[in-house]
Amino acid sequence: MRFIDSHFHLHHLEKRGLNIPAMMERLAAAGFIGGLDIGVDPDDIAIRKPLLDAYPFLHYSVGLYPSHAEDESVQSLLDGLEASINRYAPHALGEIGLDYHWGFSTPERQQELCIEQIGIANRYRLPVLIHNREADYDMVTLLKGHRPEYGLVMHCYSAEQELFDEFVSLGAYLSFAGNLTYKNSEHIRYAAEHVPLERILIETDSPYLAPIPKRGKVNTPEYIPYTYEFAAGLRNMEPEEFSEIICNNYSALIPNA
C-alpha cells in the first residue's frame with residue numbers, strides 16, 4: 001500500500017530524539033512515498049531545510065502560527081515570511097489560522113494575521129494550510145471573505161458537525177489526523193464519512209495526536225497506516241483503494257508531488 005502524510009513536523013520529531021534517517025528507511029520499506037513538512041515560524045525553514053534536502057520526496061511549507069499574533073512587530077514577521085518564500089520556494093503556506101483555545105492575543109489580531117498570510121499565499125500561488133481550534137464560526141466567515149485561490153486544507157479537521165457543509169462548500173480538502181480514531185470523535189468521523197472522496201487527506205500532525213492503538217506515544221509518520229485503515233473502514237473501502245485516492249488528492253494539491 002502506498003501512502004502519504006499530508007501534515008507532519010519533522011524538526012519537532014528530531015528535537016524529541018527521533019532518528020530521522022532510520023525512520024525514513026523504515027517508511028520507504030513500508031510504502032511511504034512522501035508528504036508535507038509543516039512550518040510554524042518564519043525562521044524555522046532555515047533549520048528544517050538541511051534535513052529536508054536529504055529527502056527529495058518530501059515537500060515543505062512556511063507560515064506563521066496563530067501565536068504570532070501576540071508579537072509586537074507582526075509586519076516584520078510577515079516581511080520575513082515573504083523573504084523565506086522567495087529564498088526557499090516552499091510548496092505551501094501554513095500552518096496558519098485561528099486558535100481560540102489558548103487565547104493568543106485577541107481574535108481580531110489572529111484574524112488579521114491569517115488574512116495577511118492568505119493574501120501572501122495568493123500572490124505566490126501557494127495552497128494554504130489552516131489551523132482551526134475552537135474558532136469554527138469565525139474561521140468559516142474569514143475564509144468566505146478571503147478565499148485561498150490555489151488550494152485550501154483544513155488541517156486536523158475537527159469542526160462542529162453543523163458546519164460541515166460550510167467547509168465543504170469552500171472547496172477545502174479536509175485532512176484527518178489520529179484523533180479521528182478517538183472515542184469521542186463522532187463529529188470528526190461524520191466528516192470523514194461524508195466529505196467527497198476527492199477532497200479528503202490523511203495526516204499525522206506528528207509528533208502529536210498519535211492514533212489508536214498508539215495514543216499517548218510520540219506520534220510519527222510510521223503510525224499513519226492506522227488512520228488510513230480506520231478512515232477506509234468508515235467509507236467501506238479497502239485500504240489499498242482508499243490510499244490511492246489519498247495519494248492522488250495530495251498530488252492534485254501539491255504540484256509535482
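Just so it is clear, the model here is predicted, and its values are computed rather than measured. Position labels on residues start from 1 in each chain and follow its written sequence. Where local features are concerned, this predicted model is filtered to residues with pLDDT of at least 70; where side-chain atom pairs are given and counted, the filter is 80 or more; whole-chain, interface and lining totals use all residues. With hydrogens and water stripped out, all remaining heavy atoms of the structure feed into the side-chain values.

S.K.: Looking at this model, I keep getting lost on the packing of aromatic side chains. Mind explaining?
M.R.: When the centres of two rings from Phe, Tyr and Trp lie within 6.5 Å, Trp using its six-membered ring, the rings pair. Their planes under 30 degrees apart give stacked, over 60 give edge-to-face, and anything left gives tilted. One pass over the structure, following the stated rule, counts 10 aromatic pairs. Relative to F176, the ring of Y157 lies with its centre 5.9 Å away and its plane at 70°, an arrangement referred to as edge-to-face. Of this pair, Y157 sits in the loop between β6 (152-154) and α7 (164-169) while F176 sits in strand β7 (residues 173-176), placing them 19 residues apart in sequence. Here Y157 and F176 have matching classes, each one buried. A centroid spacing of 5.6 Å and a plane angle of 85° characterise the contact between F164 and Y190, whose relative ring orientation is edge-to-face. Within this pair, whereas F164 is found in helix α7, its partner Y190 is found in helix α8 (residues 186-194), the two being separated by 26 residues in sequence. Type-normalised accessible area, obtained with a 1.4 Å probe on protein chains alone, sets the label of each residue: buried when under 20%, exposed when over 50%, and partly exposed for intermediate values. Y190 sits in the partly exposed class, given a relative accessible area of 27%. The ring of Y173 has R199 lying over it, and the distance from NZ or CZ to the ring centre is 4.5 Å. Comment: elements are numbered from the N terminus, with helices defined as DSSP H or I runs of at least four residues and strands as E runs of at least two. Counting as a charge over the ring demands two things of the Lys NZ or Arg CZ atom: a distance within 6 Å of the ring centre and an angle within 35 degrees of the ring normal.

S.K.: In this structure, what is going on with the nonpolar core? I would like to understand it.
M.R.: In globular proteins that are soluble, nonpolar side chains generally tend to be buried together. Take the buried residues of types Ala, Val, Leu, Ile, Met, Phe, Trp, Tyr and Cys, join any two whose side-chain atoms come within 4.5 Å, and each joined set is a nonpolar core. Counting residues in hydrophobic clusters, the biggest one holds 78 residues, and the most contacted among them are L10, L143, M154, F167 and F176. Sequence-distant contacts of F176, that is, excluding residues within four places in its chain, are made with Y157, I188, A191, A192, V195, I200, L201, I202, E203 and T227. By definition, residues are in contact when any of their heavy atoms lie within 4.5 Å.

S.K.: Looking at this model, I keep getting lost on the sheet that holds strand β1 (residues 3-8). Mind explaining?
M.R.: In a beta sheet, neighbouring strands pair by backbone hydrogen bonds and run either parallel or antiparallel. Two strands are said to pair when DSSP picks up at least two bridges between them. Pairing is parallel in the open sheet, where eight strands are placed in the order β1-β2-β3-β4-β5-β6-β7-β8. A single partner strand is all that each edge strand has here, and the edge strands are β1 and β8 (200-202). Strand-to-strand twist in this sheet, taken as the mean axis angle between neighbours without regard to direction, amounts to 25°. Of the strand pairs in this sheet, strand β4 (residues 92-99) and strand β5 (residues 128-133) are connected by five bridges, and their pairing is parallel. Pairing of L98 across the sheet is with N132, part of β5. Helix α3 (residues 44-52) rests against β2 (32-37) and β3 (58-62) of the sheet, and its axis sits at about 175° to β3. Every angle, taken between N-to-C directions, lies between 0 and 180 degrees, and every axis is a line fitted to C-alpha atoms, over only the stretch in contact when it is a helix.

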